[in-house]
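Descriptive structure summary
Chain by chain, the residues run as shown.
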Amino acid sequence: MVRDNKSEFIKEADAAMDEAAEVVLQRARQHKTPIVVWRDGKVVELDPFSPEFDEPNKDSSTADEN
């Protein structure tokens, strides 16, 4: 059994960030603009229609590891 040791505040903050990320994705798709992120020490523009945005990928999230 896996226990969830996150405080309620952290859970709410995570949910708010997930919601904000979804809004960013929707707006980028609506306006056909790239999503700009910092990746491997560089600024990168990502296609909002890329398959990496189709389903949330919880495995690659570093925030969940702390």
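Up top is the structure.
Let us look at the structure shown here. Worth saying up front: this structure is predicted, and the values here are computed from it rather than measured. (Residues numbered from 1 in each chain as written. Predicted model: local features only at pLDDT ≥ 70, side-chain atom pairs only at ≥ 80, totals over all residues. Heavy atoms only, no water.)

On to a nonpolar patch on the surface, then. Side chains of Val-36, Trp-38 and Val-43 sit close together on the surface and give an oily, nonpolar patch of about 370 Å² of accessible area. Within the secondary structure layout, Val-43 lies in strand β2 (residues 42-46). (Patch = residues over 30% accessible without salt bridge, like charges linked within 9 Å, V, L, I, M, F, W, Y side chains within 5 Å. Areas by Shrake-Rupley, 256 points an atom, 1.4 Å probe, with all protein chains shown as cover. Salt bridge = Lys/Arg side-chain N within 4 Å of Asp/Glu carboxyl O. Helix = DSSP H or I, 4+ residues; strand = E, 2+ residues; numbered from the N terminus.)

Here the focus is the environment of Gln-26. With respect to the helices and strands, the residue Gln-26 is situated in helix α1 (residues 8-31). Residue class for Gln-26 comes out partly exposed when judged on its relative accessible area of 45%. Here the alpha-carbon distance between Gln-26 and Phe-49, two residues 23 residues apart in the chain, equals 9.9 Å. (Buried < 20%, exposed > 50% of the residue type's maximum accessible area, 1.4 Å probe, protein only.)

Glancing now at the pattern of salt bridges. In this structure the tally under the stated criterion is three salt bridges. The shortest N-O distance in the salt bridge between Arg-29 and Asp-54 comes to 3.6 Å. Of this pair, Arg-29 sits in helix α1 while Asp-54 sits in the segment after β2, and the two are 25 residues apart along the sequence. Look at Arg-29 and you get partly exposed, because its relative accessible area is 27%. Among the salt bridges present, the one from Arg-39 reaches Glu-52, with a minimum N-O distance of 3.2 Å. Taken together, the residues Arg-39 in strand β1 (residues 35-39) and Glu-52 in the segment after β2 connect sequence positions 13 residues apart. By relative accessible area, which is 35% here, Arg-39 ends up partly exposed.

Here we take up α1. For α1, with 24 residues, the first-to-last C-alpha span of 35 Å sits near the 34 Å given by 1.5 Å per residue. Taken together, the buried positions of α1 are occupied by Asp-14, Leu-25 and Ala-28. Check the buried side of α1 and you find it contacts β1. (Expected span 1.5 Å × (residues − 1). Contact = heavy atoms within 4.5 Å.)

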